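# Coordinates in review
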Amino acid sequence: MLTSKISKVGKVVICGAKGVGKTTILEQLIYGNVTIESEIHSTIEDTYVASVDTGKGSRDTLRIYDTAGLQGSVQLPRHYLAYPDAFVLVYDPSDPSSLDMLGGIKSDIDKFKDKKEIFIIVIANMRSRQNRSASSSPINSSQQQQQQLNNDAIESNLTRANNWCARERIKHYTVNAMERASLYEPFVQLASRLYPPQTKSSFPQLRQLTQKTSKVDNS
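Predicted model only: the values in this text are computed from it and were never measured. (Residues numbered from 1 in each chain as written. Predicted model: local features only at pLDDT ≥ 70, side-chain atom pairs only at ≥ 80, totals over all residues. Heavy atoms only, no water.)

### Some thoughts on the packing of aromatic side chains
Selection criterion: Each aromatic pair joins two rings of Phe, Tyr and Trp (for Trp, the six-membered one) with centres within 6.5 Å, and gets the label stacked for planes under 30 degrees apart, edge-to-face for over 60, and tilted for any other angle. Only DSSP runs of H or I covering at least 4 residues are called helices, and only runs of E covering at least 2 are called strands; the numbering of each starts at the N terminus.
Throughout the structure, instances matching the rule amount to one aromatic pair. A ring pair is formed by Tyr65 and Tyr83, whose centres lie 5.2 Å apart and whose planes are at 75°; its orientation type is edge-to-face. Note that Tyr65 is positioned in strand β3 (residues 58-67) and Tyr83 in the loop between α2 (79-82) and β4 (86-91), a separation of 18 residues in sequence.

And the structure:
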């Protein structure tokens, strides 16, 4: 039984480098059926619809456009820059080049937004970390050292991303596409920013004046 009314539709584009897990995030967020063994094919273009409960008594609908992963100097096609209300920029913290790419995407968004307020969030997808339960064999010292170097590089990239997002005044979230619960907060917060709660009246003084006028007319 539906207890809340679906109200608005926000247009969101999700983008980033190839292989950072954009489609996996959306499949897991909406359907919750992605596992380590799931086979996810490269996306050319696709559209998802998510009904988001932001706790306001109504559900806001996000129409999310999944885009092809970018490589090298390839830019996000201009037609994606014209219509969205928001962008989700995804990167892999184990791949510094995928983070570097977001700076160019953000610059293009700022260039083509045409004075329209555009909301942007950045997501670090940690799904690239190895599944520790996948192997029960002991790890030798050389493997431990390499794993520590990888972890240090990831932490360095996360720190760099946090600093960049702070300068750009955009939200940064760390998620794991294999853990559906970790994906809720970024998209709920995005919907909340797109559709803040409305007050009863945008002009309370005008409402009071109207009420006083009505009393005078009735007297």
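Back to the text.
### A look at the pairing of strand β2 (residues 45-53)
Selection criterion: Strand pairing requires that DSSP identify at least two bridges connecting the strands.
Taken together, the nine bridges between β2 and β3 define a ladder with antiparallel strand orientation. What sits directly across from Val49, in β3, is Arg63. Here β2 hands over to β3 after four residues, with Gly55 in that stretch at a positive phi of 80°.

### Concerning the pattern of salt bridges
Keep this limit in mind: Salt bridge, as used here, is a side-chain nitrogen of Lys or Arg placed within 4 Å of a carboxyl oxygen of Asp or Glu. Burial here depends on accessible area, computed with a 1.4 Å probe over protein chains only, as a share of the maximum for the residue type. Under 20% is buried, over 50% is exposed, and the range in between is partly exposed.
Counted under the stated rule, the structure contains seven salt bridges. Close ionic contact of Asp100 with Arg160 constitutes a salt bridge, the shortest N to O distance being 2.8 Å. One end of the pair, Asp100, is in helix α3 (residues 96-112); the other, Arg160, is in helix α4 (residues 141-168), with 60 residues separating them in the sequence. Residue Asp100 is classed as partly exposed on the basis of its relative accessible area of 46%. In this structure Arg160 comes out as partly exposed when scored by relative accessible area, which is 35%.

### Points about the side chain of Thr67
As a reminder of what qualifies: Pairs of N or O atoms are called polar contacts if they sit within 3.5 Å, as long as, within protein, a hydrogen donor faces a hydrogen acceptor (for residues adjacent in sequence, only side-chain-to-side-chain pairs). Note on contacts: a residue pair is in contact if any heavy atoms of the two residues lie within 4.5 Å.
Structurally, Thr67 can be placed in strand β3. For Thr67, the side chain forms a polar contact with the main-chain oxygen of Ile14, separated by 2.8 Å. When residues no more than four places from it in sequence are discounted, the contact partners of Thr67 are Val13, Ile14, Cys15, Lys22, Thr43, Ile44, Leu76 and Tyr80.

### Here's the deal with the nonpolar core
Here is the rule we go by: Only buried Ala, Val, Leu, Ile, Met, Phe, Trp, Tyr and Cys residues count toward a nonpolar core, and they belong to the same one when joined by side-chain atoms within 4.5 Å.
By size, the foremost hydrophobic cluster in this structure holds 53 residues, and its most contacted members are Ile64, Phe87, Val88, Leu89, Ile123 and Phe187. Residues within four places of Phe87 in sequence aside, it is in contact with Val13, Cys15, Leu76, Tyr80, Leu81, Ile109, Ile118, Phe119, Ile120 and Ile121.

### A few points about the confidence of the model for the protein chain
Heads up, the rule is: Confidence of the predictor in every single residue is expressed as pLDDT, which spans 0 to 100.
Mean pLDDT for the protein chain: 84, with 82% of residues reaching 70 or above. Ranking the elements of the protein chain by mean pLDDT puts helix α6 (residues 204-218) last with 50 and β4 first with 98. Every residue in residues 129-136 scores below 50 in pLDDT, and together they form three contacts with partners more than four places removed in sequence or on other chains.

### Focus: the environment of Thr67
Among the residues examined, Thr67 registers a relative accessible area of 1% and is labelled buried. Along the chain, Thr67 and Lys18 lie 49 residues apart, while their C-alpha atoms are 9.7 Å from each other.

### Comments concerning the packing of α3 against α4
For clarity, the cut-off: Note on definitions: angles span 0 to 180 degrees between N-to-C directions of axes, and those axes are lines fitted to C-alpha atoms, for helices only across the stretch in contact. Reported orientations rely on four angle classes, namely roughly parallel under 35 degrees, roughly antiparallel over 145, roughly perpendicular from 65 to 115, and oblique for the rest. Amino acid classes used here: Ala, Val, Leu, Ile, Met, Phe, Trp, Tyr, Cys and Pro are nonpolar; Asp, Glu, Lys and Arg are charged; the rest, including Gly, are polar.
Remark: α3 packs on α4, axes separated minimally by 10 Å, with the N-to-C direction vectors making an angle of 10°. On the basis of their axis angle, the class for α3 and α4 is roughly parallel. Contact residues: Pro96, Leu99, Asp100, Leu102, Gly103 and Lys106 in α3; Asn157, Arg160, Ala161, Trp164 and Glu168 in α4. Its residues assigned to classes, the contact of α3 with α4 shows five nonpolar, two polar and four charged.

### Thoughts on the pairing of β4
As a reminder of what qualifies: By convention, orient the strands away from the viewer: a clockwise path from the first strand over the helix to the second makes the crossover right-handed.
When you tally the buried positions in β4, you get six out of six residues, the bulk of the element. Residues of β4 alternate between two faces, with Ala86, Val88 and Val90 on one and Phe87, Leu89 and Tyr91 on the opposite face, all of them buried. Where β4 meets strand β5 (residues 119-125), six bridges bridge the pair, whose relative direction is parallel. Its bridge partner being in β5, Tyr91 is matched across the sheet by Ala124. Handedness of the crossover joining β4 and β5 through α3: right-handed.

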